[in-house]
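# Structural overview for review
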Amino acid sequence: MNDLNTVKRPWIVGLTGGIGSGKSTVADGFATLGAYVVDADALSHQLTVPNGAALDAISTAFDGVVTNGTLDRAALRERVFADMLARKRLEAILHPMIRTATDNALASKAALAAPYAILMVPLLFESDTYKKRIDCAVVVDVDETTQIERVTRTRGLTAEEVKRIISTQMPRAERLTHTQFVIDNRGNAEALTMQIAALHSVFVVNASNAVRSLIAPMAEAL
């Protein structure tokens, strides 16, 4: 496993926000401008597809949620939302695997070649591990009414199911106290694009300055 504290790594922006906030859209915008994006949720999904690396452990820990090598995601979701201990058990299975996968991605040649990297994690501030691995954070922010409307429209969940998911995440007001940058995604696509472009310019400069600050002491030692 790569350890980002000991291997070369890019300048890392942590990207987070509540369900339905539009994190993926924002990440795509940064990627279009040249950032290297690591999506922790996508990596987690890869671990739980048929023959995924986490399926055997999940099947053992949660009887009945895996049938013929396929995970019943709805059944697992119901199980972990109803039981805090079950959620912790699932996290204990997935989080170390996701950590390894994200570390490997961030240490890749593609990540190092980019001006900076985006590490997209839904529960970024809930995890001390992730907070220690980033150089700054961005919250994609919307109000709860917008979250519910978007998720019920796009993911087929009921309003009550969305509210339950929101209740397991850090409250919006608290999330905003942990971040350095906020993207307001309550407006139109043009407004969102402008915000992404402005932050991209900031990140490129900060990443470049960070590289120079590392190179200078090395040059002086030569």
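That block above? That's the structure.
Here is a short report on the structure shown in this document. (Residues numbered from 1 in each chain as written. Predicted model: local features only at pLDDT ≥ 70, side-chain atom pairs only at ≥ 80, totals over all residues. Heavy atoms only, no water.)

## Details of the overall build of the chain
Note the threshold: Secondary structure elements follow DSSP: runs of H or I of four or more residues count as helices, runs of E of two or more count as strands, with numbering from the N terminus. With a 1.4 Å probe rolled over the protein chains alone, any residue whose accessible area is under 20% of its type maximum counts as buried; one over 50% counts as exposed, and the rest are partly exposed. In what follows, residue pairs with any heavy atoms lying within 4.5 Å of each other are defined as contacts. Residue burial considers only the protein chains on display, and all accessible areas are found by Shrake-Rupley using a 1.4 Å probe. When charges are counted, Lys and Arg contribute as positive and Asp and Glu as negative, whereas His and the chain ends are disregarded. Every charge is mapped to an atom, namely NZ of Lys, CZ of Arg, CG of Asp or CD of Glu.
Counting secondary structure elements, the chain contains eleven helices and seven strands. Expressed as a percentage of the 222 residues in the chain, the buried residues total 41%. Within the chain, contacts between residues separated by at least 24 positions form 72% of all contacts whose residues are at least 6 apart in sequence. Accessible surface computed for the chain: about 11800 Å², of which carbon and sulfur atoms make up 55%. Across the chain, the mean location of the 23 positive side-chain charges is 2 Å away from that of the 24 negative side-chain charges.

## What about the environment of Glu-78?
Mapped onto the secondary structure, Glu-78 falls in helix α4 (residues 73-82). Along the chain, Glu-78 and Thr-145 lie 67 residues apart, while their C-alpha atoms are 23 Å from each other. Among residues more than four places away in sequence, those in contact with Glu-78 are Glu-161 and Arg-164.

## Notes on the packing of aromatic side chains
Heads up, the rule is: Aromatic contacts are taken between Phe, Tyr and Trp rings whose centres are within 6.5 Å, Trp giving its six-membered ring; a plane angle under 30 degrees counts as stacked, one over 60 as edge-to-face, and the others as tilted.
Under the counting rule described, the total for this entry stands at five aromatic pairs. Seen from their ring centres, Trp-11 and Phe-203 are 6.0 Å apart, and the 45° between their planes marks the pair as tilted. Of the two residues, Trp-11 sits in the segment before β1 (12-16) while Phe-203 sits in helix α11 (residues 189-221), which places them 192 residues apart along the sequence. We note that Trp-11, like Phe-203, is buried. Ring centres of Phe-30 and Phe-203 lie 5.8 Å apart, and the angle between their planes is 40°; on these two criteria the pair is classed as tilted. Placement of Phe-30 in helix α1 (residues 23-32) and of Phe-203 in helix α11 is noted, with a sequence separation of 173 residues between them.

## Regarding the pairing of strand β6 (residues 136-141)
Put simply, the rule reads: What makes two strands pair is DSSP finding at least two bridges between them.
Counting buried positions along β6 gives six out of six residues, so the element sits mostly inside the fold. Every second residue of β6 is oriented toward a common face, with Cys-136, Val-138 and Val-140 on one face and Ala-137, Val-139 and Asp-141 on the other, all of them buried. In this sheet, β6 lies alongside β1 in parallel orientation, the contact comprising four bridges. Across the sheet, Val-13 pairs through a bridge with Cys-136, a residue of β6. Of the pairings in the sheet, the one linking β6 to strand β7 (residues 181-184) comprises four bridges and is parallel in character. Directly across from Asp-141, in β7, lies its bridge partner Asp-184.

## A word on the pattern of salt bridges
Convention followed: We define a salt bridge as a contact between a side-chain nitrogen of Lys or Arg and a carboxyl oxygen of Asp or Glu at a distance within 4 Å.
Tallied over the full model, the rule gives nine salt bridges. Note that Glu-149 and Arg-153 form a salt bridge whose closest N and O atoms lie 2.7 Å from each other. Within this pair, Glu-149 and its partner Arg-153 are both found in helix α8 (residues 144-155), separated by four residues, close to a single helical turn. For Glu-160, the salt bridge identified is with Lys-163, shortest N-O distance 3.8 Å. With a gap of three residues between them, Glu-160 and Lys-163 both fall in helix α9 (residues 159-168), about one helical turn apart. Look at Glu-160 and you get exposed, because its relative accessible area is 52%. The partly exposed category is assigned to Lys-163, whose relative accessible area is 37%. Among the charged side chains, a network of salt bridges with common partners joins Arg-99, Asp-103 and Arg-133.

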